[in-house]
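Listed here are the chains, written in short residue letters.
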Amino acid sequence: MVFTLKRLGLALLVALAVSMLSFTLLHLSGDPASAIAGEGATDVDIAAIRAYYGFDRPLIVQYADWLFKALRGDFGESYYFQLPVAQLIGDRLSITMTLGVCGISFALLTAVPLGVAAAVRPNSLIDRVALFISVMGQAMPSFWFGLVLVVIFSIKFQLLPPSGTKSWENFIMPTVVLGYYAMPAIMRLTRAGMLDVLSADYVRTARAKGAGEMRVMFKHALRNAIIPVVSLSAVQMGFMLGGSIVVESIFALHGAGYLAWESIGRNDLPTVQALILIFSLFYIVFTFLSDLLNAWLDPRMRVG
Amino acid sequence: MSTILSVEDLKVDIPLAGGVLHAVRGIDFDLKRGETLCIVGESGSGKSLTSLAIMGLLPKMAQCRAAKLEFSGIDLSKAKNRQMRSLRGDRMSMIFQEPMTSLNPAYTIGDQLAEALLLHRKVGKKAAEARAVELLEKVGITAAASRLGQYPHQLSGGLRQRVMIAMALMGEPELIIADEPTTALDVTIQAQILRLLVDLQREMNMAMILITHDLGVVARVADKVAIMYAGEVVEAGKSADVFNAPQHPYTRGLLRCIPVPGKTKPGEHLGSIPGIVPSLIGETQGCAFRGRCDVAIGSCAHDIPRRVSESGHMYRCVHEGGQPAANAIQSEGRP
């Protein structure tokens, strides 16, 4: 309990620091007022815009103003869409989250069993096949792999829709592309962890007690081997939510990643600001959850 | 007393890149209920592999053969994995050298102790935990009931080894194998753990194989001794016979290494055996000890006779009594 509270406090502090840093950096990266006014605007126009949006106030005041509104869910209005940012992000976030959850699930469901199987028989056929699959995953760029899938499954066999977000079928190929990108690292880490743990003394103790192979593998070995995998998956998950821009572009899934990319190009400050905060919150939440999960898996980590 | 374990011509080979390592080269012994056999030998002499072979816990790549490997009427060399599993932890159990790492860090002591019983008996979790408490008390752990919820990292090395002993005894085994159970512990704890093991062995009338390189321990607890060198038993017999009248030059060398209170003067050199254990990759001809032996002669490179006295005291040496006859060295010459 103390552990959980400590971690939670730490996570909140990190979130605050990230928001502060990103706010400051974005406002230092250029004068937002002249960006909004566009080329050819007079100094008077720019000054008017500056006063209208409150850019003439000290940075700390602007930050405090933004933070208190953000805490109530008000991220301001998009300069480009002239819509509340919260509403703009809301729809797209659900697409990105669906994709992220499906992607990481696909990665874990393929990587962990394959990693365990490879570790049980190192240098066997299954180990080599697993290695091949993971090298392929690491080597193929997502945009290329995505297009190959589209060519095969949408154009040649016409099994899956190539783009859009209409039904669950639209998410199959993006899930595979996104998951396959995260899978090799998870698989290699599972394999390495299992190899390490399988030669541990306590695994021998479990066998000496008369435990069967399945019990030795999954009760005694995997629980200890999976700990680094949990931390890695949390980072991968955060990455998928923030960095699925390529996949979202290929399959025309208009998610939050794609929106962030567009908004940066448009200098749409409130949108970018809100997305950065949300993406960093994802990282923080997943890291926090992985800390809790690891503490549950390994009692030695239950010290604040 | 009936024989519970008999081993004849047990061999363990490990294929390596540079050839086959003959780690255990044909050893024999047998053990009755209530008896303690001490296997003594230096690192790499095959003691641990012998015990793992009995338990069926050899690494996958190791190949094990035996003319006879029988545990209370069951032929272990032909037993299926399933049958070995049902014996392990129930009728035969093992205590390892490394108490610090032999318990699973992710589970409580209670879980791990109970598991040893739950795997073999149809009892409930409550009953298994009650048995765990009973055994923790038996191995001298105070506040036993409150220990069940503790994790291994919360216990000291000595306590962990006591837990390992309790775990090995959960099923009331007929055979217990202790592989250097005190090597990793503080000297003050070593004696306690050893005493505990011996007391429990007597109380529960188990057969025990104690693997050690501490001859002082052997002299105190063993009924039988087997001295192993380079994968072979070079001398074996009743403890008193071996200690009072060591026959093999290697055994005599080992005994010279122990300081004797009152006899060994301060500052005096303790004995040592020069040289190192030979490589066991490929076939070994003759006596493996001859390179380090001070009474070696030319015929040591050929077949070595296995000499057995009437009381069952066995040794392998070309010399009758392990000593050359007065004129042997002159007539045959040094190798």
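Calculation criteria
Residues numbered from 1 in each chain as written. Chains lettered and ligands numbered in written order. Predicted model: local features only at pLDDT ≥ 70, side-chain atom pairs only at ≥ 80, totals over all residues. Contact = placed C-beta atoms within 7 Å. Helix = DSSP H or I, 4+ residues; strand = E, 2+ residues; numbered from the N terminus. Nonpolar A, V, L, I, M, F, W, Y, C, P; charged D, E, K, R; others polar. Pairing = 2+ DSSP bridges. Axes fitted to C-alpha atoms, helices over the stretch in contact; angles between N-to-C directions. Core = buried A, V, L, I, M, F, W, Y, C linked by C-beta atoms within 7 Å. Buried ≥ 20, exposed ≤ 12 C-beta atoms within 10 Å, placed from the backbone. Expected span 1.5 Å × (residues − 1). UniProt positions renumbered as here; feature names shortened; annotations may be inferred. Parallel < 35°, antiparallel > 145°, perpendicular 65-115°, else oblique.

Chemist: I'd like a description of the interface of chain A and chain B, backed by residues and values.
Modeler: Contacts between chain A and chain B engage 18 residues on the former and 23 residues on the latter. Elements with a minimum of two residues in the side of chain A that touches chain B: α9 (201-208) and α10 (213-225) of chain A. Take the side of chain A that touches chain B: its biggest share by element is six residues, from α9 of chain A. Residue classes in the side of chain A that touches chain B are distributed as six nonpolar, five polar and seven charged.

Chemist: Describe the sheet that holds strand β12 (residues 306-308) of chain B, and please don't skip the residues or the numbers.
Modeler: Residues and elements named next belong to chain B. Spatial ordering of the open sheet is given by β7-β8-β9-β3-β10-β11-β13-β12, a layout of eight strands whose pairing is mixed. The outermost strands of the open sheet, each flanked by one partner alone, are β7 (92-95) and β12. Direction aside, the axes of adjacent strands within the sheet are offset by 20° on average. Bridging between strand β11 (residues 232-238) and strand β13 (residues 314-316) involves two bridges; their strand directions are antiparallel. Looking at the pairing, E235 lines up with Y315 of β13. With respect to the sheet, helix α1 (residues 47-55) is in contact with β3 (36-40), β7, β8 (175-179), β9 (207-212) and β10 (224-229), its orientation differing from that of β8 by roughly 150°.

Chemist: Got a sec to walk through the nonpolar core? Specific residues and values, please.
Modeler: A166, L175, V225 and I227 of chain B are the most contacted members of the largest nonpolar core, which totals 94 residues. Once residues lying within four places of it in the same chain are set aside, the contact partners of L175 of chain B are I4, L5, F71, M92, M206 and A207 of chain B. Within the second largest apolar cluster, 64 residues are counted, among which are V85, L99, V247 and I250 of chain A.

Chemist: Report on helix α4 (residues 59-71) of chain A, specifying residues and quantitative values.
Modeler: For α4 of chain A, spanning 13 residues, the distance from its first C-alpha to its last is 18 Å, which sits close to the expected 18 Å at 1.5 Å a residue. Directly after α4 of chain A, the chain includes G73 of chain A, whose backbone phi takes a positive value near 90°.

Chemist: I'd like a rundown of the environment of L194 of chain B, residues and numbers included.
Modeler: Residues and elements named next belong to chain B. With respect to the helices and strands, L194 occurs in helix α7 (residues 187-203). Considered as a pair, L194 and P181 are 13 residues apart in the sequence and their alpha carbons are 8.0 Å apart. Setting aside chain neighbours within four positions, we find L194 in contact with T182 and V217.

Chemist: With reference to specific residues and values, describe unusual backbone geometry.
Modeler: Residue and element names in this part refer to chain A. Phi at Q82 takes a positive value of approximately 55°, unusual for a residue other than glycine. Here Q82 lies in the loop between α4 and α5 (85-120). Taking the number of C-beta atoms within 10 Å as the measure of exposure, Q82 has 7 and is therefore exposed. At A252, a position not held by glycine, the phi torsion is positive, near 50°.

Chemist: Tell me what's going on with the UniProt feature "domain: ABC transporter" (unreviewed entry) in chain B, and back it up with residues and numbers.
Modeler: The sites that UniProt annotates as "domain: ABC transporter" (unreviewed entry) are residues 5-255 of chain B. Counting secondary structure, residues 5-255 of chain B comes out at 37% helix and 27% strand; the distance between its end C-alpha atoms is 28 Å.

Chemist: How would you summarise helix α6 (residues 157-169) of chain B if you had to cite specific residues and measurements?
Modeler: All names here are of chain B. Taking 1.5 Å per residue as the helical rise, α6 with its 13 residues ought to reach 18 Å, and the 19 Å between its terminal C-alpha atoms agrees with that figure. Taking burial as the measure, the 13 residues of α6 include twelve buried ones, the bulk of the element. Where α6 is concerned, the buried positions are G158, L159, R160, Q161, R162, V163, M164, I165, A166, M167, A168 and L169. Turning to α6, the residues buried within the fold contact β7, α3 (109-118), α4 (125-138), β8 and α7.

Chemist: Give me the environment of A23 of chain B: which residues, what numbers.
Modeler: Residue and element names in this part refer to chain B. Mapped onto the secondary structure, A23 falls in strand β2 (residues 19-32). The class of A23 is buried, set by 23 C-beta atoms lying within 10 Å. As for A23 and S45, which are separated by 22 residues in sequence, their C-alpha atoms are 7.3 Å apart. Setting aside residues no more than four positions away along its own chain, A23 makes contact with V12, I14, G46, L49, G231 and L280.

Chemist: Could you give an account of the pairing of β10 of chain B, naming the residues involved and the relevant values?
Modeler: In the case of a regular strand, side chains alternate between the two sheet surfaces. Residues and elements named next belong to chain B. Of all six residues in β10, six are buried, a share of seventy percent or more. Burial along β10 is two-sided: K224, A226 and M228 and V225, I227 and Y229, pointing in opposite directions, are all buried. The pairing of β3 with β10 spans four bridges and is parallel. Each bridged residue has a counterpart across the sheet, and for V40 the counterpart in β10 is I227. Bridge count between β10 and β11: six bridges; the pairing is antiparallel. Looking at β11, one finds that M228 is bridged to V233. Hairpin connection between β10 and β11: a loop of two residues separates the two successive antiparallel strands, and A230 in this loop has a positive phi of roughly 50°.

Chemist: Outline the packing of α5 of chain A against helix α13 (residues 256-265) of chain A, listing residues and values.
Modeler: All names here are of chain A. Axis separation between α5 and α13 bottoms out at 7 Å; the angle between their running directions is 130°. With respect to each other, α5 and α13 are oriented oblique. Where α5 abuts α13, its residues I89, R92, L93 and T96 lie against A256, G257 and L259. Its residues assigned to classes, the contact of α5 with α13 comprises four nonpolar, two polar and one charged.

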